[in-house]
Amino acid sequence: MKKITFLFLLCAFFLSCASTPKNNDAGNKDEITLLFAGDVMAHSPNYNMKDYEIIWDGIRDIVSSADLAFANIEAPVDTTKDPQNYPYFNMPLSYVQSTINAGFDVFSLCNNHTNDQGLEGIKETTKSFKKLFESEKDKGNTIYYSGLKEKETDEYSYNIIQSGKWKILFLPMTEILNRPLASKYINSIIPDTGKRVEFINYCKKLREKNECDLFILSWHANETEYIRTVTDTQEEFYKNLLDAGVDIIWANHAHIIKDRKIILNSSTNAVKIIMYANGNTISAQRTKPNLSSKNPVDERDNTGDGLLYKVILAKDKKNSTVTIIKAEPVFITTYITPQKDYLIKIMNEEFIEELLSKDQIKWADYIRRRIKINKKYTKDIIEWQ
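The present account deals with the structure reproduced in this document. (Residues numbered from 1 in each chain as written. Predicted model: local features only at pLDDT ≥ 70, side-chain atom pairs only at ≥ 80, totals over all residues. Heavy atoms only, no water.)

## Brief notes about the overall build of the protein chain
The helix and strand inventory of the protein chain stands at 11 helices and 16 strands. For 385 residues, the compact-globule formula gives about 21 Å, and the C-alpha radius of gyration of the protein chain, at 20 Å, lands near that figure. Overall, the protein chain is about 55 × 50 × 45 Å in size when its C-alpha atoms are taken along their principal axes. Here the contacts in the protein chain between residues at least 6 apart in sequence split such that 75% fall between residues at least 24 apart. For the protein chain, the computed accessible surface area is about 16,500 Å², with 50% contributed by carbon and sulfur atoms. (Helix = DSSP H or I, 4+ residues; strand = E, 2+ residues; numbered from the N terminus. Rg over C-alpha atoms; globule rule 2.2 N^0.38 Å. Contact = heavy atoms within 4.5 Å. Areas by Shrake-Rupley, 256 points an atom, 1.4 Å probe, with all protein chains shown as cover.)

## Quick look at unusual backbone geometry
For the peptide bond that leads from Tyr 86 to Pro 87, omega is 10 degrees, which places it in the cis range. For Asn 269, which is not glycine, the phi dihedral falls at a positive 65 degrees. With respect to the helices and strands, Asn 269 occurs in the loop between β10 (260-264) and β11 (271-275). In the Ramachandran plot, Asp 359 falls in the positive-phi region, its phi being about 60 degrees despite a non-glycine side chain. Note that Asp 359 resides in the loop between α10 (349-357) and α11 (361-377).

## Regarding empty space enclosed by the protein
Summed over the entire model, instances satisfying the criterion amount to 1 cavity of 30 Å³ or more. Only β8 (214-220) and β9 (248-252) provide two or more residues apiece to the lining of the largest cavity. Counting residues per element, the lining of the largest cavity draws most heavily on β8, which supplies 3 residues. Here the residues of the lining of the largest cavity sort into 4 nonpolar, 5 polar and no charged. (1 Å grid on protein atoms, 1.4 Å probe; cavity = no way out; pocket = protein on both sides within 12 Å on 5 of 7 lines; lining within 4 Å. Points joined across faces, edges and corners; volume = space filled by probe spheres on them. Nonpolar A, V, L, I, M, F, W, Y, C, P; charged D, E, K, R; others polar.)

## What about the packing of helix α5 (residues 93-101) against helix α6 (residues 118-138)?
Contact geometry of α5 with α6 gives a least axis separation of 11 Å together with a crossing angle of 40 degrees. Judged by the inter-axis angle, α5 sits oblique to α6. Crossing hand, α5 versus α6: right-handed. Mapping the contact onto sequence places Leu 93, Val 96, Gln 97 and Ile 100 in α5 and Ser 128, Phe 129, Lys 131, Leu 132, Ser 135 and Glu 136 in α6. Its residues placed into classes, the contact of α5 with α6 shows 5 nonpolar, 3 polar and 2 charged. (Axes fitted to C-alpha atoms, helices over the stretch in contact; angles between N-to-C directions. Parallel < 35°, antiparallel > 145°, perpendicular 65-115°, else oblique. Left-handed = near helix turned anticlockwise from the far one by under 90°.)

## Some points on the pattern of salt bridges
Considering all chains together, one arrives at 24 salt bridges under this definition. For the salt bridge of Lys 209 with Glu 155, the shortest nitrogen-to-oxygen distance reads 3.7 Å. Of this pair, Lys 209 sits in helix α7 (residues 193-209) while Glu 155 is found in the loop between β5 (144-146) and β6 (159-163), placing the two residues 54 residues apart along the sequence. The exposure class of Glu 155 is partly exposed, given its relative accessible area of 41%. For the salt bridge of Lys 239 with Asp 243, the shortest nitrogen-to-oxygen distance reads 3.0 Å. Linking Lys 239 with Asp 243, this pair stays in helix α8 (residues 232-243), spanning 4 residues, or about one helical turn. Look at Lys 239 and you get partly exposed, because its relative accessible area is 36%. Among the charged side chains, a salt-bridge network with shared partners connects Glu 53, Asp 57 and Arg 60. (Salt bridge = Lys/Arg side-chain N within 4 Å of Asp/Glu carboxyl O. Buried < 20%, exposed > 50% of the residue type's maximum accessible area, 1.4 Å probe, protein only.)

## Observations concerning the pairing of strand β15 (residues 342-346)
Among the 5 residues that make up β15, 4 are buried, leaving the element largely enclosed by the rest of the structure. In this structure, strand β14 (residues 322-336) lies alongside β15, joined through 5 bridges in antiparallel fashion. Looking at β15, one finds that Thr 334 is bridged to Ile 344. Between β14 and β15, which pair antiparallel and follow one another directly, the connecting turn spans 5 residues, one of which, Lys 340, has a positive phi of 70 degrees. (Pairing = 2+ DSSP bridges.)

## As for the layout of surface pockets
Estimates place the volume of the second largest pocket at around 340 Å³. Its residues placed into classes, the lining of the second largest pocket shows 10 nonpolar, 2 polar and 6 charged.

## Quick look at α5
Among the 9 residues in α5, 7 count as buried, and that is most of the element. The complete set of buried residues in α5 reads Leu 93, Tyr 95, Val 96, Gln 97, Ser 98, Thr 99 and Ile 100. Count one or two residues on from α5 and you reach Gly 103, which has phi positive near 120 degrees.

Written out as structure tokens, the structure reads:
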């Protein structure tokens, strides 16, 4: 198995193929654009904002341009209770609606905070997303969500998504809960070797039962937060999941950005993808960015950044092999305005120029450093099999 750093050696290969139009019907290829975010969180500075829509303005175009955009809702959505901060989150319904308005349409609802409001919070979250589903349906839109169960005896909830000519199996799971309360109502397993083997076998059978072009697994990992390291045990588990039929593993929980791996079959160019963690899409874990530090790499500063991973895939009509055309990491950050609004911004020169035009020199310098840090400490890796 040969590993190659993606950013330099093979970037030209993907970019050379990127000019093919989206959903092109010509030739033997059909395409789909997927966008994977990270954790959507609502701490008190977030949910106390007067206008949630402005949170998303900085990334609205890139999110809405994807055929499917994925996000993890890191909280119950219980409209019978007021919003709540850590350690027992509760997210306003209108906060989730603003996420949908930004272009996200596929949601994982299971993570370590899913049962923060107990069983009633889980049931109310299901009601909330049913309400959102019907509201979007009336507008001619479709959203997808899973990760919760209506009865403790139910099978894991999952989605079969039809997007253009693509059929996608989407399964969200968590192997970490902050407390065991109502765990049978959540797509969850205990993080031990035996339960992982059982789950691998479940994935294999689920793929066999549901013919699809892609099997996407959202995985809320039992791992140490704020650490970029991927353990050998975790790597082996993910490999076994891919061997069982999963095509894309979209993992989260660390609250910081980790590496991405693209695994290519040397004979067919068929692709498998692992995202080890995409960090926070929006949160208020970083309330006081270390603007003056020469090298702000402490965990609070890292939690203010996230990754949007844009992947363009192609399907060969002759043999249904899924190949990759482009994988683009887009680094984002939560910018705190002088008015204390928390806004998502793409970390690029355009944002730096915007900050400089407002005489926010320290913020501009900080963003320059954050770009360097994220490029230095996270990477895209190609692995040929």
